[in-house]
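# Understanding the architecture of this molecule
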Amino acid sequence: MTQTGPRRLRNSALDDDSQPQPQPQPSSSTTGMRLIVPLQGIVQGRGGLILGSVIPCAMFYFLQFYLKRRRSPPASNPPSPGNLTDLSRSASRSNLLLPRGRPHVSSRVSSIAKANDSPYYIGLDKATSDPYDRLCNPGGVVQLGLAENRLTLDLIENWITNNLNESILGGGLSVSGIVTYQPHDGMPELKLAMAGLMSQVVGKTVTFNPSQIVLTSGATPAIEILCFALADQGNTFLIPAPYYPGFDRDMKWRTGVELIPVHCRSSDNFTLSIPVLEQAFNQARKRGQKVKGILLSNPSNPVGNLMTRETLLSLLDFAREKNIHIISDEIFSGSTFGDEEFVSMAEIIDSEDADKDRVHIVYGLSKDLSLPGFRVGVIYSYNENVLTVARKMTRFSSVSAPTQRLVTSMLSDTTFIKSYTERNRERLRTMYDLFVDGLKELGIGCTKSSGGLYCWCDMSGLIRPYNEKGELDLWDKLLNVGKINITPGSSCHCIEPGWFRCCFTTLDENDIPVVMERIRLVVEACKSPA
Amino acid sequence: MKQHLQNPTKNPPPTTTSGSTGVVTDMRVIVPLQGVVQGGGGGLILGSIIPCALFYFFQLYLKSKNRSGDDSAAPPPPQLPEIEPPGGGLQRVQSVRSIWSPRGSNSQVSSRASFVIKQVDNPYYVGLEKSCLDCYDEVCNPGGIIQLGFDENKLSLDVVQDWLMAHTKCSIVCQDLQMNGITAYHPFDGLSELKMAVAGFMSQVMEGRVLFDPSQMNLTSGVSPAIEMLVFCLADLGNAFLVPSPYSPDLDRDIKWRTGVEIIPVPCRSSDNFSLSTASLNRAYNQAKKRGLKVQGVIVSNPSNPVGNLLTRETLYNLLDFATEKNIHVIANETLVGPIDDKNQEFVSMAEIINSEEYDRKRVHIVYGLSKDISLPGFKVGVVYSFNQTVLQASKKLMRFSSVSSLSQRLLVSMFNDSRFVREFIKINRERVERMSDLFVGGLKELGIKCMKSSRGSYCWADMSGFIRPYSEKGELELWEKLLNVAKINATPGSCCHCIEPGWFRFCFASLTEKQVPLVMERIREVL
């Protein structure tokens, strides 16, 4: 508590300047503090309060400024910002510090490059690396996690074998049709054939206009392109959950768009209700997020139920009211097998004459024609702007020309397509019944589904504890002990634990007993300790 | 009055701390907080914290206000939903809107989409579109437009055609015992058989000087997605890439559209034979820095498109030195079959330099237009070849957006595995491109048009600056228009390639037949 001469001098000088102020007493009473805070003299003078506010403010402001400047560059490129300003020296310095001067990748991919942690992808990888085969690898993992239709592969195979050369090489007249550049958004012939297929699948008098079709290399890029066209970075889409786990990648990765799940519950049979949608919309608005649209899958993936005409109409009303878009993913529309009729968004739009340009339909050949390897997807939109953008963006995801050729002639063969669709439905039906009955015998119930290549089954009775952890434990047991890969509901963002998606179309009828036997082992193991 | 104004504020905290407060009362009226400030030891701290906090909240408020202002300002759409009262009144909202805009439907696209829509097609795309609609055909449409704007090699089509005729069925059907292999899901980043075959093919083209590792490859549906994929992996929104100009007009779309990355042209001049110099790279780099842009890499094409010259070994070394110094990436877009072996200059791949030298491989990424190289552009197969594990992993996952049809992959596997065919194809193709190049460049020379000497691709870079008036971009575009509309020839003007000197044109001659060359020359002569 020693006081230095100069300071005291300065203080008294200040006090003199501010004569009228009744300072002397407080200053003397607080002198003990001055050592610690040299500014106090100023603070307590007349202008003291102002300075006392301005100085810390300024300091704080500069601190913020400094922090901000320091923070922003390293976000994308941590070690180099210092170097970059000073060119020649930086080289030598960076060489000294990090001999190779590691180049940096963009921050947006660093998360993508990381390993998969979603059980959906882990399961897929595992089943791919050790696939079950009745003869060669009977101890392998049975793949029930991939929605791929192998039930009708023989029909496709026959057709291709018979028609390959003519369809690709066009009867041998010229190859220039397949080897030269084509419009990125697809050959007109294929669009025409595709429009025909789509009307046939819908099975009604709905006609699709080929000029509203844009072809992409699979439904995945189709969805991404729509997302690019409809939403900006940071915008959001509402999506009824449970939803297909791939959407998290398709919609979010490159576009920077967020998905807001609209939770549907088992008590409603996982159907979408408008109040819930409204609630999710309002919550998003409250958080300051801008909702650009709704992404539907119809028939729903993973549940497999269809949307009723009323739901679709009220959805359309909702979209109109909020002025948002609707993307309707109808990739399973030809794979329906139930008694319910499938209603396409296109049909609804046809009957309503207003407001077409907020509806966009996604379709593809991967599921209905079981040609996933061919990578053919479709964007069908009523919005001229979206079509223009989509056409231009297909430069990044165009369909290979020989594939277009082959598919064109396959789709143009209407008798084949017709018999194919019928037989496909029959086989799906049979397989679905077999599979669901098998599960029922094990005490596992499924929701009633009428479309898709999967069933959505309720194993909540088998999980302990009744939460996501219990669900993942069961999934893990099924994968590693039972050697069966199915998709847990948590990967589909289902809020109720214990639901699983099983794709049954990769199986052969003869495989079903094996699968059921394996599931039974796990089920019994789950039940026995209790 | 003064007294009781300040009393309530002052009383709670300081009373206990100092007994001298009574003297200061005069001032308190003016600044109610002063009591607190002058109170005692805690006064100074409070005196600093309170204004700070106020200031901070003020800033925060300003910021949040700004942001919401920006959002609604950028695209017009949000205003509509904002008009409506948040709670209810649904019917009414709709009717309000329908009054303003008929049909009440104005579902907007995203601002990035409207950027794409608004962007006017430059002459390159205008020409392509126009010549597609009115395509020249010797018999059916002799008055049509001859396409010289598209880099497409049709010279060796017959060789490929023969092969396809003979092998298509076998390569798809016979090889597999079941169709599973072609129709089923396959890895998005390409069949491993094709990767192996491609690695073999590439080494064969490089005459064994470089060995390519199939595990460092990802296959995409064409060159555009391959480049876009790499840009996505290497740069964030608002970053920039240096690109030596003149550059291919496609790059503008490939790089900027979806990734939000900028291109900084590095101008090269005819006086240097349009070759790349470190000095100009440095200049462009510094300019970008000054503008506050973060440069993430350099994109070069070898042989350069549109000029057609090859990058020398020396240039490649300099480029890598530059990249190392600045700690940035290099993307090289290389054509494998295109370049002709020359006595004076050989084609040096980036992969070769990287193999032999002690550079950091992680910063080098190579793109090949696989199907284009082997005259099958419609097959749309591109290759990303990178030495950077992170980039490889990320792009492998991103391939879900641009994967290649298994059918095309199967065809290419058996084509590349037929090494006798590949060898023959490369030989024939090189001969034909060379002959065509001589013929075309010779024809232009007779008209008094000089081409860059080192033209080696399936295109040539011609100097028509003597024929444009005024000597500016305007004059160049006038000549381009005359070529397109009068002479019915679609060439690419240098301005589309961001060439800083007016009067240069790119002619892609590989889609012509030898018979058509005199006709082209005749048509060009008309407008000169």
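Cut-offs applied
Residues numbered from 1 in each chain as written. Chains lettered and ligands numbered in written order. Predicted model: local features only at pLDDT ≥ 70, side-chain atom pairs only at ≥ 80, totals over all residues. Heavy atoms only, no water. UniProt positions renumbered as here; feature names shortened; annotations may be inferred. Helix = DSSP H or I, 4+ residues; strand = E, 2+ residues; numbered from the N terminus. Buried < 20%, exposed > 50% of the residue type's maximum accessible area, 1.4 Å probe, protein only. Contact = heavy atoms within 4.5 Å. Areas by Shrake-Rupley, 256 points an atom, 1.4 Å probe, with all protein chains shown as cover. Domains from an automatic or database assignment. Buried area = accessible area lost by both parts, 1.4 Å probe. Salt bridge = Lys/Arg side-chain N within 4 Å of Asp/Glu carboxyl O. Polar contact = N/O pair within 3.5 Å; in protein donor to acceptor, adjacent residues only side chain to side chain. Patch = residues over 30% accessible without salt bridge, like charges linked within 9 Å, V, L, I, M, F, W, Y side chains within 5 Å. Pairing = 2+ DSSP bridges. Axes fitted to C-alpha atoms, helices over the stretch in contact; angles between N-to-C directions. Parallel < 35°, antiparallel > 145°, perpendicular 65-115°, else oblique. Left-handed = near helix turned anticlockwise from the far one by under 90°. Nonpolar A, V, L, I, M, F, W, Y, C, P; charged D, E, K, R; others polar. Core = buried A, V, L, I, M, F, W, Y, C linked by side-chain atoms within 4.5 Å. Phe/Tyr/Trp six-rings, centres within 6.5 Å; stacked < 30°, edge-to-face > 60°. Lys NZ or Arg CZ within 6 Å of the ring centre and 35° of its normal. pLDDT = per-residue confidence, 0-100.

The name recorded for chain B in an unreviewed UniProt entry is 1-aminocyclopropane-1-carboxylate synthase, from Helianthus annuus.

As recorded in an unreviewed UniProt entry, chain A goes by the name 1-aminocyclopropane-1-carboxylate synthase, listed as coming from Helianthus annuus. As its UniProt record puts it under Sequence similarities (unreviewed entry), chain A is described as follows: "Belongs to the class-I pyridoxal-phosphate-dependent aminotransferase family."

Bringing the overall build of chain B into the picture now. Scanning chain B from terminus to terminus reveals 22 helices and 13 strands. Relative to its 528 residues, chain B shows a buried fraction of 57%. Considering only contacts within chain B whose residues lie at least 6 apart along the sequence, 72% involve residues at least 24 apart. With the model as given, the accessible surface of chain B reaches about 21900 Å², and the carbon-plus-sulfur share is 56%.

The next point concerns the domain arrangement of chain A. Residue and element names in this part refer to chain A. Here chain A is described as being made up of domain 1 (115-151 + 418-524) and domain 2 (179-413). Between the C-alpha centres of domain 1 and domain 2 the distance comes to 25 Å. Taken residue by residue, the interface counts 33 residues in domain 1 and 37 residues in domain 2. For the pairing of domain 1 and domain 2, the buried interface totals around 3100 Å² over both sides, and the portion due to carbon and sulfur atoms is 53%. Our count for the contact surface shared by domain 1 and domain 2 stands at 1 salt bridge. In this structure, Glu 340 engages Lys 448 in a salt bridge whose closest nitrogen and oxygen atoms are separated by 3.6 Å. Linking domain 1 with domain 2 are 19 residue pairs in polar contact (both at pLDDT 80 or more).

Next up on the list: a nonpolar patch on the surface. Together, B:Tyr56, B:Phe57 and B:Leu60 give the surface a local cluster of nonpolar side chains, amounting to about 290 Å² of exposed area. Here B:Phe57 shows up in helix α4 (residues 41-73).

All right, on to the sheet that holds strand β4 (residues 262-267) of chain B then. Residues and elements named next belong to chain B. Pairing is mixed in the open sheet, where 7 strands are placed in the order β2-β8-β7-β6-β5-β3-β4. Two strands bound the open sheet, and with one partner strand each, they are β2 (217-220) and β4. Averaged over all pairs of adjacent strands, the angle between their axes in this sheet comes to 25°, without regard to strand direction. Relative to strand β5 (residues 295-302), strand β3 (residues 240-245) is paired through 3 bridges, and the arrangement is parallel. Looking at β5, one finds that Ala 240 is bridged to Val 295.

A word on unusual backbone geometry. In this chain, A:Arg464 is followed by A:Pro465 through a cis amide linkage whose omega measures -5°. One can find A:Pro465 in the loop between β10 (454-458) and α21 (468-480). Cis geometry marks the peptide bond from B:Arg469 to B:Pro470; its omega dihedral reads -5°. Along the chain, the position of B:Pro470 falls in the loop between β10 (459-463) and α21 (473-485). Positive phi outside glycine occurs at A:Asn323, with the angle close to 55°. Tracing the sequence through the fold places A:Asn323 in the loop between α15 (309-322) and β6 (325-329). The phi torsion at B:Asn327 lies on the positive side, around 55°, for a residue other than glycine. Secondary-structure assignment places B:Asn327 in the loop between α15 (313-326) and β6 (329-334).

The subject of this paragraph is the packing of helix α19 (residues 401-412) of chain A against helix α19 (residues 406-417) of chain B. Their axes nearest at 7 Å, the elements α19(A) and α19(B) cross at an angle of 125°. The orientation of α19(A) with respect to α19(B), classified from their angle, is oblique. In terms of crossing hand, the pair formed by α19(A) and α19(B) is right-handed. On α19(B), the residues touching A:Pro402, A:Thr403 and A:Leu406 of α19(A) are B:Leu407, B:Ser408 and B:Leu411. Residues of the contact of α19(A) with α19(B), tallied by class, amount to 4 nonpolar, 2 polar and no charged.

Counting residues in hydrophobic clusters, the biggest one holds 79 residues, and the most contacted among them are B:Phe201, B:Phe212, B:Leu242, B:Met350, B:Tyr368, B:Met415 and B:Phe416. Setting aside chain neighbours within four positions, we find B:Met415 in contact with B:Val160, B:Trp163, B:Leu164, B:Ile374, B:Leu376, B:Phe421 and B:Val422. Ranked by size, the runner-up nonpolar core spans 77 residues in total, among them A:Val142, A:Ile239, A:Ile379 and A:Phe500.

Residues and elements named next belong to chain B. Within the secondary structure layout, Val 120 lies in the loop between α7 (111-118) and α8 (123-133). By relative accessible area, which is 71% here, Val 120 ends up exposed. Through-space distance from the C-alpha of Val 120 to that of Gln 216 is 38 Å; in sequence the pair is 96 residues apart.

This next bit is on the packing of α19(A) against helix α20 (residues 414-441) of chain A. Residue and element names in this part refer to chain A. Interaxial distance between α19 and α20 falls to 5 Å at its minimum, and their mutual angle equals 75°. The angle between the axes of α19 and α20 places the two elements in the roughly perpendicular class. Counted together, Met 410, Leu 411 and Ser 412 of α19 and Thr 414, Phe 416 and Ile 417 of α20 form the full contact between these two elements. The residue makeup of the contact of α19 with α20, split by class, is 4 nonpolar, 2 polar and no charged.

So, about the side chain of B:Ser304. Here B:Ser304 is to be found in the loop between β5 and α15. With near-sequence residues (within four places) excluded, B:Ser304 lies in contact with B:Asn309 and B:Tyr459.

In this section: the packing of aromatic side chains. Here the structure, examined in full by the defined rule, presents 29 aromatic pairs over all chains. On the numbers, 4.8 Å between centres and 75° between planes, the contact of A:Tyr120 with A:Tyr121 is edge-to-face. The pair A:Tyr120 / A:Tyr121 is uniform in exposure class, with both members buried. The rings of A:Tyr120, A:Tyr121, A:Tyr243, A:Tyr244 and A:Phe247 are connected pair by pair, giving a single aromatic cluster. Sitting above the plane of the A:Phe396 ring, A:Arg395 keeps its charged end 6.0 Å from the centroid. Lying across the ring of B:Tyr125, B:Arg253 places its NZ or CZ 3.5 Å from the centre.

What follows concerns the confidence of the model for chain B. Residues and elements named next belong to chain B. Summary statistics for chain B give a mean pLDDT of 78 and a share of 77% for residues scoring 70 or more. Across chain B, the element-wise mean pLDDT spans from 35 in helix α6 (residues 90-100) up to 94 in β3. Below pLDDT 50 for its whole length, residues 1-41 participates in 38 contacts with residues either more than four positions away or in separate chains. In the model, residues 67-105 has pLDDT below 50 throughout and makes 38 contacts with residues more than four positions away in sequence or in other chains. Scored as a complex, the prediction yields pTM 0.78 and ipTM 0.76.

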